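Read off the chains here:
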Amino acid sequence: MKWVTHQIFSAACMTAAFRLGLTDCTWLGYAVAGLGSILPDIDYYRADAQRRQSMLNALAHHMAGHRGFFHSLVFWAGISGLAYLVNITVAAPYLPHQVWLAFSIGVASHLLGDMVIGLGGIALLWPRPEKIGLRYSARPNAITWELLRVGGFGETLIFIGCIWFIWANLGR
């Protein structure tokens, strides 16, 4: 997914979490989820939202490859745990208690989004090398390619669907 779709998808996931009663829905939660939603692409040294960090991106890409460690359950659990510890200790007097959960939702939404969009999948079970994601065949035809490629028609449909979902659920 492109970074802007990751951000709107994280907002839709935050809205769903709010509707399910898992978290409070505040502007801060949406912002923190948006930040979490672009963090795993630190391993992509040409990521649009992180051009100024190109040395860090290049280093992460060199060490882990794109859609490797930073797109795994190990990374998600570790960064979520770190966010929780920071939230309850250092940031406790300044931020709401559930800010860590918004961050975790953002990172998880990124992993889910990259499993759906992008023909290569992600190394969800890292250090196992297998990539997990939607695959209809080993050699995609033109329709599958357009539905699943980054920036393709399928991603546009997800983007529009997320905007509709947020709009339909936040007014209630």
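Here, the structure is the one placed above.
The sections below set out a description of the structure shown in this document. (Residues numbered from 1 in each chain as written. Predicted model: local features only at pLDDT ≥ 70, side-chain atom pairs only at ≥ 80, totals over all residues. Heavy atoms only, no water.)

Section: the packing of helix H1 (residues 3–19) against helix H2 (residues 27–38)
Two numbers describe how H1 lies on H2: the axes approach to 8 Å, and their chain directions differ by 135 degrees. Taken together, H1 and H2 sit at an angle that is classed as oblique. Regarding H1 and H2, the two cross each other, and that crossing is right-handed. Contact residues: Trp-3, His-6, Gln-7, Ser-10, Ala-11, Met-14 and Thr-15 in H1; Gly-29, Tyr-30, Ala-33, Gly-34, Ser-37 and Ile-38 in H2. When the residues that make up the contact of H1 with H2 are grouped by side-chain class, the tally is six nonpolar, seven polar and no charged. (Axes fitted to C-alpha atoms, helices over the stretch in contact; angles between N-to-C directions. Helix = DSSP H or I, 4+ residues; strand = E, 2+ residues; numbered from the N terminus. Parallel < 35°, antiparallel > 145°, perpendicular 65-115°, else oblique. Left-handed = near helix turned anticlockwise from the far one by under 90°. Contact = heavy atoms within 4.5 Å. Nonpolar A, V, L, I, M, F, W, Y, C, P; charged D, E, K, R; others polar.)

Some remarks on the nonpolar core
Among the nonpolar cores identified, the biggest contains 25 residues, and Met-14, Val-32 and Phe-103 are the most heavily contacted of them. Contributions of two or more residues to this core are made by H1, H2, helix H4 (73–88), helix H5 (99–116) and helix H7 (153–170). If near-sequence neighbours (up to four positions away) are discounted, Phe-103 is found in contact with Val-32, Leu-35, Gly-36, Leu-39, Ile-79 and Ala-83. (Core = buried A, V, L, I, M, F, W, Y, C linked by side-chain atoms within 4.5 Å. Buried < 20%, exposed > 50% of the residue type's maximum accessible area, 1.4 Å probe, protein only.)

With respect to the packing of aromatic side chains
Per the counting criterion, the structure on display carries five aromatic pairs. Residues Phe-69 and Phe-70 carry aromatic rings whose centres are separated by 5.1 Å and whose planes lie at 70 degrees to one another, so their mutual orientation is edge-to-face. Between the aromatic rings of Phe-69 and Trp-126, the centroid separation amounts to 4.8 Å while the plane-to-plane angle is 70 degrees, which identifies the pairing as edge-to-face. You can see Phe-69 sitting in the loop between helix H3 (54–64) and H4 and its partner Trp-126 sitting in the loop between H5 and helix H6 (142–148), a full 57 residues away along the chain. (Phe/Tyr/Trp six-rings, centres within 6.5 Å; stacked < 30°, edge-to-face > 60°.)

Some points on a nonpolar patch on the surface
A cluster of nonpolar side chains, contributed by Ile-143, Leu-147, Phe-153 and Leu-157, occupies part of the molecular surface with about 390 Å² of accessible area. Looking at the nonpolar patch, the elements that each hand over two or more residues are H6 and H7. Within the element layout of this structure, Leu-147 appears in helix H6. By relative accessible area, which is 35% here, Leu-147 ends up partly exposed. (Patch = residues over 30% accessible without salt bridge, like charges linked within 9 Å, V, L, I, M, F, W, Y side chains within 5 Å. Areas by Shrake-Rupley, 256 points an atom, 1.4 Å probe, with all protein chains shown as cover. Salt bridge = Lys/Arg side-chain N within 4 Å of Asp/Glu carboxyl O.)

Here we look at the side chain of Asn-169
By the element assignment, Asn-169 lies in helix H7. Among the polar contacts listed, one links the side chain of Asn-169 to the side chain of Arg-19, at a separation of 3.3 Å. Those residues in contact with Asn-169, other than ones at most four positions away along the chain, are Thr-15 and Arg-19. (Polar contact = N/O pair within 3.5 Å; in protein donor to acceptor, adjacent residues only side chain to side chain.)

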